[in-house]
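Listed below are the residues making up each chain.
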Amino acid sequence: MNLEFGPTPIDTIRSISGLEFLRRIKDEELPQPTIHRALAFRLHELEEGRAVFVGEASADYMNPLGTIHGGFVSALLDSAMAYSAHSLCPAGTANTTVEFKLNFVRPLSLKEGLLFAEGRVLNPGRTLTTTEGFLRNETGKLFAHGTQTCMRIELS
């Protein structure tokens, strides 16, 4: 299958719930966001209030010290936490990140293999939803964790 990348038409997004929208991305029925291609990660698991991304660090993401740049970790966790919040959006709405905070527990190197970024909703508000996220490798070693606040918006 030739994977398609790019934005989803806004009329499609308006017409389905956030959970259905994300399921269709996961199942490759809708285009993948281009960030998935740029940073080589993908939506791995999805349920209401929870999303897990899987990815693997590459030498393209190294900082000058030879470890993986925090921007890669941030992108993975931001995606997982925001998708967990978006999975609760009714049709005609979406969410956007208002703020997030990450704690980096240890350096991330190329030897860690597959990485799993899990986002879970802590408090599903009508306007603001708070989430938490964890980045671990296949053995469960924790590299970073954080929290995020997302704001629900009406799609016009």
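Refer to the structure above for everything that follows.
Residues numbered from 1 in each chain as written. Predicted model: local features only at pLDDT ≥ 70, side-chain atom pairs only at ≥ 80, totals over all residues. Heavy atoms only, no water.

### Details of the side chain of Arg 50
To be explicit about the condition: Helix and strand assignments follow DSSP, with helices taken as H or I runs no shorter than four residues and strands as E runs no shorter than two, numbered in order from the N terminus. Pairs of residues are marked as contacts when any of their non-hydrogen atoms sit within 4.5 Å.
For Arg 50, the location among the structural elements is in strand 2 (residues 50–56). Apart from residues lying up to four places away in sequence, Arg 50 is in contact with Glu 45, Ser 84, Ser 87, Glu 118, Gly 119 and Arg 120.

### Considering the pairing of strand 4 (residues 114–124)
Spelled out, the test is: Should DSSP find at least two bridges between two strands, the strands are taken to pair.
Of the pairings in the sheet, the one linking strand 2 to strand 4 comprises seven bridges and is antiparallel in character. Note on strand 4: the bridge partner recorded for Gly 55 is Leu 115. By the bridge criterion, nine bridges tie strand 4 to strand 5 (residues 128–137) in an arrangement that is antiparallel. Within strand 5, the position partnered with Leu 115 by the bridge is Asn 137. The loop that links strand 4 with its antiparallel partner strand 5 comprises three residues.

### What to know about the nonpolar core
The following threshold applies: Throughout, nonpolar core names a set of buried Ala, Val, Leu, Ile, Met, Phe, Trp, Tyr and Cys residues whose side chains join them through atoms within 4.5 Å. Using a 1.4 Å probe on the protein chains alone, a residue whose accessible area is under 20% of its type maximum counts as buried, one over 50% counts as exposed, and one in between counts as partly exposed.
Grouped together as the largest cluster of nonpolar side chains are 33 residues, with contacts concentrated most on Phe 53, Phe 72, Leu 77, Leu 108 and Leu 135. Elements with a contribution of two residues or more to this core: helix 2 (18–26), strand 1 (41–47), strand 2, helix 4 (70–86), strand 3 (93–104), strand 4 and strand 6 (142–154). Ranked by residue count, the leading element in this core is helix 4, at eight residues. Ignoring sequence-local partners within four residues, the contact set of Leu 135 consists of Val 73, Leu 76, Leu 77, Leu 108, Leu 115, Phe 116, Ala 117, Lys 141, Leu 142, Phe 143 and Ala 144.

### Regarding the packing of aromatic side chains
The condition is simple: Here a pair means two rings of Phe, Tyr or Trp (six-membered ring of Trp) with centres within 6.5 Å. Their orientation is stacked below 30 degrees between planes, edge-to-face above 60, and tilted elsewhere. Sitting over a ring, as applied to charges here, requires NZ of Lys or CZ of Arg to be within 6 Å of the ring centre and within 35 degrees of the ring normal.
Scanning the model with the defined rule gives three aromatic pairs in all. The interplanar angle of 75 degrees and the centroid separation of 4.8 Å between the aromatic rings of Phe 53 and Tyr 83 together place this pair among those described as edge-to-face. In this pair, Phe 53 is assigned in strand 2 and Tyr 83 in helix 4, connecting sequence segments 30 residues apart. By relative accessible area, Phe 53 is classed as buried at 0%. Relative accessible area serves as the criterion here: at 13%, Tyr 83 is assigned to the buried category. Ring pairs connect the aromatic residues Phe 41, Phe 53 and Tyr 83, which therefore count as one cluster. It is Arg 37 that lies over the ring of Phe 5; its NZ or CZ is 5.0 Å from the centre.

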